[in-house]
Amino acid sequence: MAQAPLIILAGPSGSGKSTIIARLLKESGLPLRLSVSATTRPPRPYEQDGVHYYFWTREQFENQRQAGAFLEWATVHGHWYGTLRSEVEDYRARGIGVLLDIDVQGAAQVRSQYPDCLSFFICTSSWEEYERRLQKRGEGPESIARRLETARRELERMHEFDHVIVNDDLEVAVAQIRKEIEQAFHERRT
């Protein structure tokens, strides 16, 4: 059996990656799973260890990094984030497509190791929409400013991805991504 696709979804905070991923997992009918990343940041009140992230100390993270446990890792807003090989390789071998919700730094690392991966850059059509979405999430002014500065740098790299999806209409964005993922599964079966 051919390996199931490895699918990267990246884009600025407020682009709608999490919402798109939730819809793909719930509605696509495809054998997909979301990789759980490891991080050194503290959990938010609603987050569960092993479900939303693996919440590790810096020492745990560094030990696993040194051991080669990560496909990719990066520092974002002062915290380390990484994708564990164990969250990806075994599932793909069993025919389960793996979604990665990662930043542009991590996406570049994964693409260099897996040139056959499918990558999407999710964005909105306007700068004002990013600001509106971040404010709606209840982000404070300093957090919004930091995330918007990161968004500027990420948007400069959108050309590195296979597909750029403008998420101004969620239904259209999900349908576009689902179509490409279905095609990737089909190509791997034939």
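This one's a predicted model, so the numbers in the text were calculated from it and none came from an experiment.

Chemist: I keep staring at the sheet that holds strand 4 (residues 54-55) and nothing clicks. Help me out?
Modeler: Through backbone hydrogen bonds, the strands of a sheet pair up, either in parallel or in antiparallel fashion. Pairing is mixed in the open sheet, where four strands are placed in the order 4-3-6-5. Only two strands of the sheet have a single neighbouring strand rather than two, namely strand 4 and strand 5 (70-76). As defined by bridge partners, strand 3 (residues 38-39) adjoins strand 4 across two bridges and the pair is classed as parallel. Counted as the bridge partner of Thr 39 is Phe 55 from strand 4.

Chemist: What is the right way to look at the sheet that holds strand 7 (residues 97-101) in this model?
Modeler: Spatially, 2-7-1-8-9 is the arrangement adopted by the five strands of the open sheet, whose pairing is parallel. If you trace the sheet from one side to the other, it starts and ends with strand 2 (32-34) and strand 9 (163-166), each paired once. Taken pair by pair, the neighbouring strands of this sheet meet at an average axis angle of 25°, ignoring direction. With four bridges joining them, strand 1 (residues 6-10) and strand 8 (residues 118-123) adopt parallel strand pairing. Residue pairing in the sheet places Ile 8 in a bridge with Ser 119 of strand 8.

Conventions used here
Residues numbered from 1 in each chain as written. Predicted model: local features only at pLDDT ≥ 70, side-chain atom pairs only at ≥ 80, totals over all residues. Heavy atoms only, no water. Pairing = 2+ DSSP bridges. Helix = DSSP H or I, 4+ residues; strand = E, 2+ residues; numbered from the N terminus. Axes fitted to C-alpha atoms, helices over the stretch in contact; angles between N-to-C directions.

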